[in-house]
Structure formats: C-alpha cells, structure tokens
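This is what each chain is made of:
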Amino acid sequence: MGTINRRIAIRLALLAAVASMAPASRSEAASAARIDADVEATLREFFHHVRGSRGLVERSAAVLVLPSVIKAGMGIGGEYGEGALLTRGRTLEYYNTVSASIGFQLGAQARSVIIVFMTEEALAGFRRVHGWKVGVDGSVALISVGVGGSIDTSRIVSPIVGFIFDGKGLMYNLTLEGSKITRIAR
C-alpha cells in the first residue's frame, strides 16, 4: 500500500471512530434525566467560576447547555455532544451538536459549551430552524473573561453569546463556526 493510500486509510479509520462517538440508537443516547443532571452541574460550575454569569443567564431569553462536547481527530476530526435548552431554569427541548473538520489536529478533548440567547428574536430564530448552523443561521459571539474571572455584562450587545470551557476554566481561541445544532427527542 502506498504512503498516500495508507494515510487515506488511517484518516478514514479515524473518521469512523469519531463517527462512532455519536449514539447509534436511542438506547445508547443519554436519557433526559442524565442530560438534565449534567446540564445542572455544568451551570453550577459556570456560575461558580465566572462572576456575572448567573445574572447574564437570568436576563436571557434562554440558554443552551452542552455539558460534554467530545472532539477528536487526526487530520480529519469531528465532535459530538448533547444538551438542553432552558428558560428560567426549566428544560424546553434537547439538542445535539455535530461538526467535522479537516486540518492539523491530533488527539481528543472534552469541553462544555454554553450558548445564551439574549433576545426573544434570537431564540425564535434558533428554534425555527432544523439543524441550526453557527455562522450560517446565526452568529455566536464568544465571550472571554476579564480580570478576576468575571464578565462585564453591560458590554454584551450581541443577541447570541457563547462560552467554551473545560475543567480548568474558559478556553480561548476556539470557535463554534460550522457546528450544527439539532433538536433531538428524549
């Protein structure tokens, strides 16, 4: 087998492995109760580590919480995660996120994604589309944390804002562009 064919075979095998991260059937997917528990824990962690975040979420129309988005790749990569859309602390619907990428990447990581819909119009636009694509159907302004681990909510003017973090805190220089977010049944 030539070098190019070997590389293609490795990439296809990796792509198959990444694709296998997505639940194959409903029985393998997280239950509504499991998603709700993970969402609650993720929000608690977010509120604890980012001062001002609780007030931001309380003033929003809704918040989408994806507690564990797994990203893996080796040249070709992908990511998958499930979560819930909440308003006033109550789950409205469940969603998943899926994306694929090509380029320099090696390894795997888990991260949490929180998307805050600041206006009813932004929320309605999100809920109206089946398979909402970040950067196509709507833009998400990623927020960075200021000095002392806080956010200045008075400076947030975007209708949709997002946060990406891992167990160590908010992550920088990341994007949600190209991620597809789709409503799922639970």
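Quantities reported herein were computed from a predicted structural model and do not represent experimental measurements.

**A look at the overall build of the chain**
Thinking step 1. Secondary structure summary: the chain contains four helices and seven strands in total.
Thinking step 2. Each helix and strand of the chain, ordered N terminal to C terminal, gives the series α-α-α-β-β-α-β-β-β-β-β.
Thinking step 3. Across the 186 residues in the chain, those meeting the buried criterion constitute 41%.
Thinking step 4. For the chain, long-range pairs separated by at least 24 residues make up 71% of all intrachain contacts whose partners lie at least 6 apart in sequence.

**Remarks on empty space enclosed by the protein**
Thinking step 1. Per the stated rule, a full pass over the model turns up one cavity of 30 Å³ or more.
Thinking step 2. Here the largest cavity defines a volume of roughly 50 Å³.
Thinking step 3. The wall of the largest cavity is formed by Leu66, Val69, Glu79, Thr97, Val113, Ile115, Val134, Leu176, Ser179 and Ile181.
Thinking step 4. Listed by contribution, the elements that provide at least two residues to the lining of the largest cavity are strand S1 (62–87) and strand S2 (90–117).
Thinking step 5. Its residues placed into classes, the lining of the largest cavity shows seven nonpolar, two polar and one charged.

**So, the layout of surface pockets**
To find leftover empty space, a probe the size of one water molecule is rolled over the atoms.
Thinking step 1. Taken as a whole, the largest pocket spans an internal volume of roughly 300 Å³.
Thinking step 2. Lining the largest pocket are 16 residues, and of these Leu43, Val57, Leu86, Arg88 and Gly89 sit closest to its centre.
Thinking step 3. No other element matches helix H2 (residues 32–49), which puts five residues into the lining of the largest pocket.
Thinking step 4. Here the lining of the largest pocket is built from residues that sort into seven nonpolar, four polar and five charged.

**As for H2**
Thinking step 1. With 18 residues, H2 should cover 26 Å at 1.5 Å per step; its first-to-last C-alpha distance of 26 Å lies within 8% of that length.
Thinking step 2. The complete set of buried residues in H2 reads Ile35, Val39, Thr42, Leu43, Phe46 and Phe47. The buried side chains of H2 occupy one side of the element, clustering within an arc of 130° when seen end-on. The exposed residues of H2 that point more than 90 degrees off its buried face are Ala33, Glu40 and His48.

**A closer look at unusual backbone geometry**
Thinking step 1. One non-glycine residue with positive phi stands out, namely arginine 88, at about 50°.
Thinking step 2. Examined against the element boundaries, arginine 88 turns out to sit in the loop between S1 and S2.
Thinking step 3. Taking the relative accessible area as the measure of exposure, arginine 88 reaches 61% and is therefore exposed.

**Considering the confidence of the model for the chain**
Thinking step 1. Taken over all residues, the pLDDT of the chain has a mean of 79, while the share at 70 or more is 72%.
Thinking step 2. Mean pLDDT across the elements of the chain ranges from a minimum in helix H1 (residues 3–19), with 51, to a maximum in helix H4 (residues 120–128), with 95.
Thinking step 3. Counting contacts from residues 18–28, a segment whose pLDDT is below 50, to residues more than four positions away or on other chains yields 16 contacts.

**Points about H4**
Thinking step 1. For H4, the set of buried residues is Ala122, Leu123, Gly125 and Phe126. The buried residues of H4 occupy an angular sector of 160° when projected down its axis, which confines them to one face. Those residues of H4 that are exposed and aimed more than 90 degrees away from the buried face are Glu120, Glu121 and Arg128.

**So, the nonpolar core**
Thinking step 1. Formed by 22 residues in total, the largest nonpolar core has its most connected members in Phe46, Ile114, Val116 and Phe163.
Thinking step 2. Those elements that provide at least two residues to this core are H2, helix H3 (53–59), S1, S2 and strand S5 (160–166).
Thinking step 3. The element best represented in this core is H2, accounting for five residues.
Thinking step 4. Membership of the second largest hydrophobic core comes to 20 residues, among which are Ala61, Tyr95, Phe126 and Ile181.

Here is what the cut-offs are and how they apply
- Here the residue numbers are simple positions, counted from 1 along each chain's written sequence.
- With the structure being a predicted model, the display of local features is reserved for residues of pLDDT at least 70 and the display and counting of side-chain atom pairs for 80 or more, all residues being used for whole-chain, interface and lining totals.
- Here the side-chain values reflect all heavy atoms present in the structure, with hydrogen atoms and water set aside.
- Going along the chain from the N terminus, every DSSP run of H or I of four or more residues is numbered as a helix, and every run of E of two or more is numbered as a strand.
- To sort residues, take the accessible area from a 1.4 Å probe on protein chains only and compare it with the maximum for the residue type: under 20% means buried, over 50% means exposed, and anything in between is partly exposed.
- The contact rule is simple, with two residues in contact once any of their heavy atoms fall within 4.5 Å.
- A pocket here means an open set of points on a 1 Å grid, computed over the protein atoms alone, that has protein on both sides within 12 Å along at least five of seven lines. A cavity is instead a set of points where a 1.4 Å probe fits but cannot get out; residues with an atom within 4 Å of a point line either one.
- Grid points are joined across faces, edges and corners, and a volume is the space filled by probe spheres set on the points.
- Residues are grouped as follows: Ala, Val, Leu, Ile, Met, Phe, Trp, Tyr, Cys and Pro are nonpolar; Asp, Glu, Lys and Arg are charged; all remaining types, including Gly, are polar.
- What a helix should span is 1.5 Å times the count of its residues minus one.
- Taken from the helix axis, the directions to the C-beta atoms give the arc we talk about.
- Confidence of the predictor at the level of single residues is captured by pLDDT, which takes values from 0 to 100.
- In this description, a nonpolar core means a group of buried Ala, Val, Leu, Ile, Met, Phe, Trp, Tyr and Cys residues linked to one another through side-chain atoms lying within 4.5 Å.

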